[in-house]
Amino acid sequence: MNPFNYKRRPTVSVNVGGIAMGSEWPVRVQSMTNTSTDDVEASAAQCQRIAFAGADYVRLTAQGVKQANSIGDISQVLRAQGCNIPLIADIHFNPQAALAAAAVCEGVRINPGNFVDPARTFKQLEYTDEEYAAELERIHEALLPFIAVCREHHTAVRLGVNHGSLSDRIMSRYGNTAAGMVESVMEFLRVFVKENFLDVVISMKASNVVVMVEAVRRLVDAMDHEDMHFPLHLGVTEAGFGEDGRVKSAVGIGALMAEGLGDTIRVSLSEEPELEIPVARKLVDYISQREGHPTIEGDYCEGYDPLCPDRRSTITVDGLIGGNQQPVVIASYCPNQLDGAKLQPDFYYSADGLIDGTHRFLVPLAAWKGERNVYPLLTLGEWNRCSTTRLRFLQVPATTPIHRLEFLRGRSDTVLVITPVGKNIPAEQQALIHALDRAGINCPVIVRNTYADNSNEWLQVKAGADLGAVLLNRRADGIWLEAPNSYSSAEVVRYAFAILQAARQRISKTEFISCPGCGRTMFDLQTTVQRVQQATSHLTHLKIGVMGCIVNGPGEMADADYGYVGAAAGRISLYKGKQCVEMNIPEADAIDRLVALIKQHGDWRDP
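The following refers to the structure shown. (Residues numbered from 1 in each chain as written. Predicted model: local features only at pLDDT ≥ 70, side-chain atom pairs only at ≥ 80, totals over all residues. Heavy atoms only, no water.)

**Here's the deal with helix α2 (residues 65-80)**
Rule in force here: Only DSSP runs of H or I covering at least 4 residues are called helices, and only runs of E covering at least 2 are called strands; the numbering of each starts at the N terminus. Here, expected helix span is obtained from the residue count minus one, scaled by 1.5 Å. Exposed residues in this analysis have more than 50% of their type's maximum accessible area, buried residues have under 20%, and partly exposed residues fall in between, with area computed by a 1.4 Å probe over protein chains only. What makes two residues a contact is simply this: any of their non-hydrogen atoms within 4.5 Å.
End to end, α2 covers 23 Å across 16 residues, agreeing with the expected 22 Å (1.5 Å per residue, within 8%). Those residues of α2 that sit buried are Q67, A68, S70, I71, G72, I74, S75, V77 and L78. Close packing links the buried residues of α2 with α1 (40-53), β4 (57-61), β5 (87-90) and α3 (95-102). Backbone geometry just after α2 places G82 at a positive phi near 85°.

Below, the structure is given as structure tokens:
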């Protein structure tokens, strides 16, 4: 397979309650309830809303056997109402709940990080090879009763690994890494294969998009080496609220789907679960339309690691772009919309040559007069008509033959701007960038994408998926996002910075890691996330987790600097990194105490 041509990864089919997934089927969409699973009527009603929104599957939490049995009751209510959407139980720490759920649900998700091993304590453990082998045998024996019940009831299994919820045993040997996530699931997967139980789907999730993408890529590589071809469930866990959650999900899920990976997806938002479905559907529809696109010729440059790419090596031009400089943002100049905006691009583009004398500008050659901080944007046909030795921008379509760009070899005054031609936008752009590297042309690259949509959500999905793929592969030194229909320039600039932040390429605001909520959530998640954001959104150097419960919260907010975690009804625990520093404080006092904690550790900055 040419790496730049879209094609679904071949997988086996897995039947989940009559709706199969795998490469022979459309990419399936799912969500998870945030009602109490014991509230059968409320949960059934929410399942109905999720199904009506277009989901293929619904997941519900089952903390214990009681909640697992409640899912059976919810199923009966739904079936009586004519709703046949498959239900998947979400299990943590409780094998007995998994056994009960497997008898009444169409699918059961278990977490290899806590299904057999005890709850993580972040302690370093030492094992001899013999002791470690004995641990693997213990996992095998512990899984046999679960596999037997699933086989008897034709229940599918999702092995769902989350970054930050790895067992102490795995972290002691592999660290809290993508490689550790892969080994955690492969240990379980080998047992299922040995027992010839193949109705298995796998997920590798993280709130850090870079970790999530690397983990999925490494998993596919590991499965390929062992001749395994199981379907993948994709998602960025704790993606967040509003536009940030949509952009972050589009960046991570979209980058992997662009590589043909993913057989079912969930966009995890800190909102009502039915609102996740339209976003996921947009993402599936947008990526799937690449099927059968015209062939894109190309190959990776020498030394490129597709599992975990290093940043492309480029010349630093004018001390502004390329080399070790952070990626830049270019935006169209609309002074009435950008004046006073919190985020300003590094360069403005003025099609008519209008400039303000303060900011850096790109202008067409015809409007360029050599002013300070104003740079010409050229086409190939205009190159010889521009005599400047200062920074210049050369715009070319992604299909430009590499021999037409060989004159750029060794130049230190030019930034290349690549625009797409076909519908597989990131593949076209990356194919040309790899061709540049193979030809020894190391000028910095800006990818310029224009979208004609008049929907914010469509723009977030498309731009996040396209630009995110290039950024996560570390191929670009900047992005130029345009959306001329019905958007303010300030809004478009904000999305561009959000995409860079999701790809961990440039931090411009506080990063909030907030879970989507489930039946374990101990507080009003949406209201709380907004209140925490209001109090701390100016702390652009911090990552703050807002997690609904202690089951996964401390682990899954993984690399957050501070955490706000539900401990019990009306009670909150506060974390500094992975350490709980205040337990069970009243919810009414929690945000003030969080601010005080940040100040105590010297991380507070006044707005």
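**Remarks on the sheet that holds strand β16 (residues 414-419)**
Using the following cut-off: We treat two strands as partners when DSSP finds at least two bridges between them. Lines fitted to C-alpha atoms define the axes here, with helix axes fitted over just the stretch in contact, and angles between the N-to-C directions of these axes take values from 0 to 180 degrees.
Spatial ordering of the closed barrel is given by β11-β12-β13-β14-β15-β16-β17-β18, a layout of eight strands whose pairing is parallel. Along the sheet, successive strands turn relative to each other by an average axial angle of 25°, direction set aside. Bridge count for strand β17 (residues 445-450) against strand β18 (residues 478-482) is five bridges, and the pairing is parallel. Bridged to N449 within β18 is L481.

**Quick notes on the packing of aromatic side chains**
The test is simple: Side-chain rings of Phe, Tyr and Trp, where Trp is taken by its six-membered ring, are said to pair if the distance between their centres is within 6.5 Å; with planes under 30 degrees apart they count as stacked, over 60 as edge-to-face, and otherwise as tilted. Remark: a charge is flagged as sitting over a ring if the NZ atom of Lys or the CZ atom of Arg is within 6 Å of the ring centre and within 35 degrees of the ring normal.
For the coordinates displayed, the defined rule picks out 14 aromatic pairs. Ring centres of F347 and Y375 lie 5.9 Å apart, and the angle between their planes is 65°; this geometry places the pair in the edge-to-face category. Of this pair, F347 sits in strand β12 (residues 347-349) while Y375 sits in strand β14 (residues 374-378), and the two are 28 residues apart along the sequence. Across this residue pair, the class does not change: F347 and Y375 are buried. The lysine or arginine in question, R360, covers the ring of F347, its NZ or CZ lying 5.7 Å from the ring centre. R448 extends its terminal NZ or CZ atom over the ring of W480, reaching a point 3.8 Å from the ring centre.

**A word on the sheet that holds strand β19 (residues 511-514)**
Read across the sheet, five strands follow the order β19-β20-β21-β22-β23 without closing on themselves; strand pairing throughout is mixed. The open sheet has two free edges, formed respectively by β19 and β23 (579-586), since each of these has just one partner strand. On average, each strand axis in the sheet is tilted by 20° relative to the strand beside it, whichever way the strands run. Along the sheet, helix α14 (residues 525-536) contacts β19, β20 (543-547) and β21 (562-568); its crossing angle with β20, the most-contacted strand, is approximately 160°.

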